[in-house]
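An overview of the molecular structure
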Amino acid sequence: NLMVARFLRFPYKIFVDKNPSTLGHAIFSYTSTMTQMFFALLTLISEIFTVLCIYIMLFYINWKMTMVLSLFLGVKSVIIVKVFSRSIARAGRETQRFQREAERVYHEAYGNFKLVKLGLHEQNVIQDFSLQTGGFARAQMRYTTIQNLPRFLLETIGFLILIAMILYVIYFYNGNRSC
């Protein structure tokens, strides 16, 4: 919002000398997208490593129980993915819609800069852009939350099952030793 407000307040002479792609790139930077992709990749690698270590340990302790756990978590994963996939797609479409609208407002203001300046419509453009970027921010938060919720559910369920298995193994081995 601040960048659009700042560019709309440029004197016309300075505005004409600016490169439109430089302004557009500054406003709609893809840096955040790259950062999110890199973070997701690092998270995926750490999650795979953690699950693999736990799985190997459990397989070593009790392979039968580990196979039952794997089957149970596999079924739970499929159910959770089916439940959340539509919501994730809908939230993603909403995020894209708000981003397109914010870009439209920017490009229209840029293309009609002289008319915006002459008609004193700066505040209207800023409000419209703020409305779209606010909607984008809310949609992005909703999308990120819904996208990460299945992972958190699976981790919680998996952790609870892991604790239950450990308690079962402790109880089973302590029960056999006392006999």
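A few points on the structure. (Residues numbered from 1 in each chain as written. Predicted model: local features only at pLDDT ≥ 70, side-chain atom pairs only at ≥ 80, totals over all residues. Heavy atoms only, no water.)

Following the criterion strictly, the structure yields four salt bridges and no others. One salt bridge in this structure joins Glu94 and Arg142, with 2.9 Å as the shortest N-O distance. Highlighted residues: Glu94 in helix 5 (residues 63-111) and Arg142 in helix 7 (residues 122-178), separated in sequence by 48 residues. Among the salt bridges present, the one from Arg104 reaches Asp128, with a minimum N-O distance of 3.9 Å. You can see Arg104 sitting in helix 5 and its partner Asp128 sitting in helix 7, a full 24 residues away along the chain. Taking the relative accessible area as the measure of exposure, Arg104 reaches 31% and is therefore partly exposed. (Salt bridge = Lys/Arg side-chain N within 4 Å of Asp/Glu carboxyl O. Helix = DSSP H or I, 4+ residues; strand = E, 2+ residues; numbered from the N terminus. Buried < 20%, exposed > 50% of the residue type's maximum accessible area, 1.4 Å probe, protein only.)

Okay, the nonpolar core next. With 16 residues, the main nonpolar core has Phe7 and Leu8 as its most contacted residues. Elements represented by at least two residues in this core include exactly helix 1 (2-8), helix 5, helix 6 (113-118) and helix 7. The greatest single-element share of this core, amounting to five residues, is contributed by helix 5. Residues Leu58, Leu69, Leu162 and Met165 belong to the second largest nonpolar core, which totals five residues. (Core = buried A, V, L, I, M, F, W, Y, C linked by side-chain atoms within 4.5 Å.)

For the coordinates displayed, the defined rule picks out one aromatic pair. Here the aromatic rings of Tyr55 and Phe59 are separated by 6.3 Å at their centres, their planes lie at 20 degrees, and the arrangement is stacked. Separated by four residues within a single helix, Tyr55 and Phe59 lie in helix 4 (residues 31-61), roughly one turn from each other. With relative accessibility at 42%, the residue Phe59 sits in the partly exposed group. Across the ring face of Phe98, the terminal group of Arg97 is positioned such that the distance to the ring centre comes to 4.5 Å. (Phe/Tyr/Trp six-rings, centres within 6.5 Å; stacked < 30°, edge-to-face > 60°. Lys NZ or Arg CZ within 6 Å of the ring centre and 35° of its normal.)

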